[in-house]
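This is what each chain is made of:
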Amino acid sequence: GVGQDVQITYNSMMDGLGKEIQAGNDGDVRSLGLTILFADDDAIVAVVPPNKDEGNDNYNSIYGPNGENVLLFLKESDLDGKL
């Protein structure tokens, strides 16, 4: 296949004010799969696997219609300043 498949699991996240929100119980732990297409020190390009339940069976591109499955993560040199 194209890229490298990864599975990311998380049990907490930060809200917009910097407060950590815990999952609370095992049922609230979230997991998501991504395919990493490109990665270097400054950027990661990934795609979310298409959801077969959304009726996109006729669309064969991993990028989704209009690139909607593509995620671009860019390095932020001053993350604390941006928050």
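My aim in this report is to walk through the structure given alongside it, one point at a time. Fair warning: this is a prediction, and the values are worked out from it, not measured in the lab.

**Thoughts on the overall build of the chain**
A tally of regular secondary structure across the chain gives one helix and six strands. In sequence order, the secondary structure elements of the chain are arranged as β-β-β-β-β-β-α. Considering the chain as a whole, with its 83 residues, one finds that 10% of them fall into the buried category. Long-range contacts, defined as pairs at least 24 residues apart, comprise 41% of the intrachain contacts of the chain with a sequence gap of at least 6. Carbon and sulfur atoms provide 50% of the accessible area of the chain, an area that totals close to 6,900 Å².

**Digging into the pairing of strand β5 (residues 43–47)**
As paired strands, strand β4 (residues 30–39) and β5 are joined by four bridges and run antiparallel to one another. Counterpart to isoleucine 36 in the pairing with β5 is alanine 46. What sits between β4 and β5 in their antiparallel hairpin is a turn of three residues. Pairing of β5 with strand β6 (residues 70–74), which is carried by five bridges, proceeds in the antiparallel orientation. Looking across to β6, one finds that valine 45 is bridged to leucine 72.

**Thoughts on the sheet that holds β6**
With respect to topology, four strands assemble into an open sheet ordered β1-β4-β5-β6, the strand pairing being antiparallel. Each end of this open sheet is capped by a strand with a single partner; those strands are β1 (4–10) and β6. Sheet twist, expressed as the average angle between the axes of neighbouring strands with direction ignored, equals 35 degrees. By the bridge criterion, seven bridges tie β1 to β4 in an arrangement that is antiparallel.

**Observations concerning the environment of glycine 33**
As for its placement among the helices and strands, glycine 33 is situated in strand β4. Note on glycine 33: relative accessible area 25%, which makes it partly exposed. Along the backbone, glycine 33 and isoleucine 8 are 25 residues apart, and their C-alpha atoms lie at a distance of 6.3 Å. In this view, glycine 33 contacts Val6, Gln7, Val48 and Pro49; residues no more than four positions away in its chain are not counted.

Criteria and thresholds
- Residues numbered from 1 in each chain as written.
- Predicted model: local features only at pLDDT ≥ 70, side-chain atom pairs only at ≥ 80, totals over all residues.
- Heavy atoms only, no water.
- Helix = DSSP H or I, 4+ residues; strand = E, 2+ residues; numbered from the N terminus.
- Buried < 20%, exposed > 50% of the residue type's maximum accessible area, 1.4 Å probe, protein only.
- Contact = heavy atoms within 4.5 Å.
- Areas by Shrake-Rupley, 256 points an atom, 1.4 Å probe, with all protein chains shown as cover.
- Pairing = 2+ DSSP bridges.
- Axes fitted to C-alpha atoms, helices over the stretch in contact; angles between N-to-C directions.

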